[in-house]
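Here are the chains, one letter per residue:
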Amino acid sequence: MKQLEKVTLGDQTLKNRMAMAPMTRSRANREGIVGDATVLYYTQRASAGLVISEGINISKEALGSPYTPGIYNQEQIDAWKKVTKSVHESGGVIYAQLWHTGRVGHSSVKNEELPVAPSAVAIEGQQHFTGDGMKDYETPRALTTEEVKQTIQDYKQAAINAIAAGFDGVELHAAFGYLPNQFLAESSNHRTDEYGGNIQNRNRFVLEVMQELVNAIGGDKVGIKLSPTIPYNSIIHTDPTAQYTELIKALDEMPLAYIHLMNSIFPLDQLPHYPKNVLGTFGKLTKHTIIANGGYDAKTSEEELEKGIASIISYGTLFLANPDLPKRFELNAELNQADRATMYGGTEVGYTDYPFLEAKQFANA
Ligand SMILES: Cc1cc2nc3c(=O)[nH]c(=O)nc-3n(C[C@H](O)[C@H](O)[C@H](O)COP(=O)(O)O)c2cc1C
């Protein structure tokens, strides 16, 4: 199987081409500090060629949902050190996903402060999980130009902190409608300064953050996750092909470890101008290593790798439910099914108790 072959990623050699996709599990404490269960959870999944952590808040302002971890103070960094040490001892490679939720938050989980965003435009037609029930989205407060520049510095500091915490690299979460994605899209960015207006200006925030990350920790430790065709969280582009083509060309000018591309996992019937084949449209544009994500199983991932655009496939739900996913693929073994009710928040149940293959199943295979 191609996905069980080694591959180079940045300054690392990965033992296989299977990445664990970033997944928020909301198991940190109220101060954004992860505990022993999180150490175990990631260590259980260290047979992935690459583990990408859940989204980690880069600052207090970045937080949008309760019990999500941070990496902006020493206690948080020290807690992550236990995770990275344990994953490394089990032979794993782990990147930190850097997260700022922007308008995908709620004042009730942010000390009554409104979420910040490129512009004062609310998400419509969805509600937000607050720990105190589901609530309608509020209209966020638009960041001043000064604050935008400060936020870019917050990302840089978070990357430095991630390396101090023992992570092998960082991934900018620029997908799924979070802050960087809010800068990219016309539906959420109505700014009139240098961070809004034409494509170049709307790309500026992401590119400046990436440049700072590269300058701070080196391009061979920096990746980015993009979802050019996902309309979730009220993200609509007039011309996603033009926008992301320009963005990827600019990213090609930087030394990077990878670009992580998410397929269209939402129906696009209402958006006929959106490209259907994300990998074919955008993956071909870059010289960087591509990690493909979204809906892959053992068979479709192999077919994707054969096409030669992506060299790594990431799995979300499958890794959540199957800590030994590479072994299961290798043996063509049965897969555990993920339990949606325990995905976010709660205890070890649905977190660290998904079973590994039994020794006898190994023997039978
Ligand atoms: C419980 C859960 C939490 C997630 N949290 C994040 C996250 O923090 N950051 C992110 O980039 N994607 C997040 N995702 C999306 C996954 O990384 C992935 O893109 C998605 O699950 C599609 O991949 P799959 O079809 O292999 O599951 C999450 C997905 C799930 C199921």
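Residues numbered from 1 in each chain as written. Predicted model: local features only at pLDDT ≥ 70, side-chain atom pairs only at ≥ 80, totals over all residues. Heavy atoms only, no water.

**A closer look at the nonpolar core**
Burial of nonpolar side chains together is a common tendency in soluble globular proteins.
Thinking step 1. Membership of the largest hydrophobic core comes to 79 residues, with the highest contact counts inside it found for M210, L213, L226 and L251.
Thinking step 2. L226 has contacts with A174, A175, Y244, L247, I248, L251, I259, H260, L261 and M262, leaving out every residue within four places of it along the chain. (Core = buried A, V, L, I, M, F, W, Y, C linked by side-chain atoms within 4.5 Å. Buried < 20%, exposed > 50% of the residue type's maximum accessible area, 1.4 Å probe, protein only. Contact = heavy atoms within 4.5 Å.)

**A short note on unusual backbone geometry**
Thinking step 1. Located in the positive-phi region is Y67, a residue other than glycine, with phi close to 65°.
Thinking step 2. Tracing the sequence through the fold places Y67 in the loop between β4 (50-57) and α2 (74-89). (Helix = DSSP H or I, 4+ residues; strand = E, 2+ residues; numbered from the N terminus.)

**Quick look at helix α5 (residues 199-217)**
Thinking step 1. Between its terminal C-alpha atoms α5 stretches 27 Å, which fits the 27 Å expected from 19 residues at 1.5 Å a residue.
Thinking step 2. In the structure, α5 departs most strongly from a straight axis at F205, where the bend amounts to approximately 35°.
Thinking step 3. Turning to α5, its buried residues are N201, R202, N203, F205, V206, L207, V209, M210, L213, V214 and I217.
Thinking step 4. Residues of α5 that are buried sit in contact with β5 (94-99), α3 (145-164), β10 (169-173), α4 (179-184), β11 (222-226) and α6 (240-251).
Thinking step 5. Within two residues after α5, G218 carries a phi angle of roughly 95°, on the positive side. (Expected span 1.5 Å × (residues − 1). Bend = angle between axes of the 7 residues up to and from the residue.)

**Things to note about the packing of aromatic side chains**
Thinking step 1. Across all of its chains, the model carries 15 aromatic pairs by this definition.
Thinking step 2. Relative to Y258, the ring of Y95 lies with its centre 5.6 Å away and its plane at 45°, an arrangement referred to as tilted. In this pair, Y95 sits in strand β5 while Y258 sits in strand β12 (residues 258-262), placing the two residues 163 residues apart along the sequence. Here Y95 matches Y258 in class, with each residue buried.
Thinking step 3. Both rings, one in W99 and one in Y178, keep their centres 5.3 Å apart while their planes meet at 80°; by these two values the pair is edge-to-face. Of this pair, W99 sits in strand β5 while Y178 is found in the loop between β10 and α4, placing the two residues 79 residues apart along the sequence.
Thinking step 4. Its relative accessible area of 4% is what places W99 among the buried residues.
Thinking step 5. Owing to a relative accessible area of 13%, Y178 belongs among the buried residues under this scheme.
Thinking step 6. Clustering of aromatic rings is evident, with ring pairs tying together Y41, Y42, W80, F167 and Y351. (Phe/Tyr/Trp six-rings, centres within 6.5 Å; stacked < 30°, edge-to-face > 60°.)

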